[in-house]
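Structural overview for review
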Amino acid sequence: MPAQILDGKIISAQLEAELKLRVDAMVAQGNIPGLTVILVGDDPASQTYVANKEKACARLGVRSTTLRMPADTTQEALEAEIIKANADPAVHGILVQLPLPRHLDSDRALSLILPEKDVDGFHDINAGRLSRGLDCVVACTPKGALHMLKTAGIDISGKEAVVVGRSNIVGKPMALLLLQENATVTVCHSRTKDLAEHTRRADILVAAIGKPRFITADMVKEGAVVVDVGINRVDGKLCGDVDFEPVAEKASWITPVPGGVGKMTIAMLMSNTVDAAEKAFAK
Ligand code: GUN
């Protein structure tokens, strides 16, 4: 039987509706949540992501500022903007769009963002607290993927979860979140020997590789839950890291691309921004 769809459009719309009520309540008190996005250079994918973030802010009534900086921006100039946003009480969330041009040190830049304004959850303090199971800002894409599983009522505790990809943005935090939910977690990567042997054991399979249609049906267990984090462009069309149609014939649940995890990333960015603003205004 073909898989049920984990629909990012529906789940993110529900979440946004809840967030809108929280923003409206803040605005009624004269408190306007603010997000500053720093975009360096003119990477086309980054431009699209940032435009989608701006639209989400507009839908919710969050004040959004995008600082567009040229590709030859210096480390000092980037850091000066981060420091300015840190000090601005009207800014509750700061996001530096990645990837940065190669001459810039993104780790250094990210570590300058105040942890309480780090709505991406990329600061060492937030990443470290996540690894210890402490309250923290959680990276938007894995947080969104987990929210989809929970919304669908998918049981995670005791399940075999396999995450393919070990990035700081998705793979590592995803593995930690699944571990926190009591899954038995395996993280696979480009040096993993016999990848399919691992993926075929997965009750929950998360693909965060960045290669179009990499996960094929023979790599997936019958009845698995398949979460596709990939966003690839092939011949002008978007596709994920999962070979969607054949895998959907075997899986019990699957996220589509587009309309899956990507929608949740934006919704979770809004959620982290609203959380940060509420905490700042409560002080
Ligand atoms: N580039 C791709 N995904 C992300 C993300 O979640 N946050 C930021 N800041 N940059 C990205």
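Quick summary incoming for the structure in this document.

1. A look at the overall build of the protein chain
Helix and strand content of the protein chain: 10 helices and 11 strands. Taking 283 residues into account, the globule formula puts the C-alpha radius of gyration at 19 Å, and the protein chain, at 19 Å, falls close to it. For the protein chain, the C-alpha atoms occupy an extent of roughly 50 × 40 × 40 Å along the three principal directions. Expressed as a percentage of contacts within the protein chain between residues at least 6 apart in sequence, the contacts between residues at least 24 apart total 70%. Counting only carbon and sulfur atoms, one obtains 54% of the accessible surface of the protein chain, whose full area is about 13500 Å². Taken as two groups, the 32 positive and 35 negative side-chain charges of the protein chain have centres that lie 1 Å from each other.

2. As for the sheet that holds strand β4 (residues 93-96)
Across the sheet, three strands lie side by side as β3-β2-β4; this open sheet has parallel pairing. For this open sheet the edge positions go to β3 (63-69) and β4, each flanked by a neighbour on one side alone. Averaged over all pairs of adjacent strands, the angle between their axes in this sheet comes to 15°, without regard to strand direction. Direction of pairing for strand β2 (residues 34-40) relative to β3: parallel, over a ladder of seven bridges. By the bridge assignment, threonine 36 is partnered in β3 with threonine 65. Sheet strands touched by helix α2 (residues 44-60): β2, β3 and β4. Its angle to β3, the strand with the most contacts, is close to 160°.

3. Let's talk about the site of the ligand
In the vicinity of the ligand, the residues found are Leu95, Val96, Gln97, Leu98, Asp120 and Phe122. Leucine 98 has a polar backbone atom sitting 2.8 Å from a nitrogen atom of the ligand. Protein contacts shield 84% of the accessible area of the ligand, which totals 280 Å² for the unbound molecule. Tallied by class, residues from the shell around the ligand come to four nonpolar, one polar and one charged.

4. Side note on α2
With 17 residues, α2 extends 25 Å between its outermost C-alpha atoms, agreeing within 8% with the 24 Å of an ideal straight helix rising 1.5 Å per residue. Listing the buried residues of α2 in full gives Ser46, Val50, Lys53, Ala56, Cys57 and Leu60. The buried residues of α2 all sit within an arc of 115° when viewed along its axis, so they share a single face. For α2, exposure combined with an orientation more than 90 degrees from the buried face picks out Pro44, Lys55 and Ala58.

5. Some remarks on the sheet that holds strand β11 (residues 253-254)
The six strands are arranged β1-β11-β8-β7-β5-β6 in an open sheet whose pairing can be described as parallel. The open sheet has two free edges, formed respectively by β1 (4-5) and β6 (184-188), since each of these has just one partner strand. Relative to β6, strand β5 (residues 160-164) is paired through five bridges, and the arrangement is parallel. Considered in β6, the bridge of glutamate 160 is made with threonine 184.

6. Side note on helix α7 (residues 171-180)
Given 3.6 residues per turn, any residue in an α-helix points the same way as the ones three and four places further on. Three or more residues of α7 are buried, namely Gly171, Pro173, Met174, Ala175, Leu177 and Leu178. Contacts made by the buried residues of α7 are with α5 (124-131), α6 (140-151), β5, β6 and β7 (204-207).

Parameters and conventions
- Residues numbered from 1 in each chain as written.
- Predicted model: local features only at pLDDT ≥ 70, side-chain atom pairs only at ≥ 80, totals over all residues.
- Heavy atoms only, no water.
- Helix = DSSP H or I, 4+ residues; strand = E, 2+ residues; numbered from the N terminus.
- Rg over C-alpha atoms; globule rule 2.2 N^0.38 Å.
- Contact = heavy atoms within 4.5 Å.
- Areas by Shrake-Rupley, 256 points an atom, 1.4 Å probe, with all protein chains shown as cover.
- Lys, Arg positive; Asp, Glu negative; His and termini not counted.
- Charge placed at Lys NZ, Arg CZ, Asp CG, Glu CD.
- Pairing = 2+ DSSP bridges.
- Axes fitted to C-alpha atoms, helices over the stretch in contact; angles between N-to-C directions.
- Near = heavy atom within 4 Å.
- Polar contact = N/O pair within 3.5 Å; in protein donor to acceptor, adjacent residues only side chain to side chain.
- Nonpolar A, V, L, I, M, F, W, Y, C, P; charged D, E, K, R; others polar.
- Expected span 1.5 Å × (residues − 1).
- Buried < 20%, exposed > 50% of the residue type's maximum accessible area, 1.4 Å probe, protein only.
- Arc of directions from axis to C-beta.

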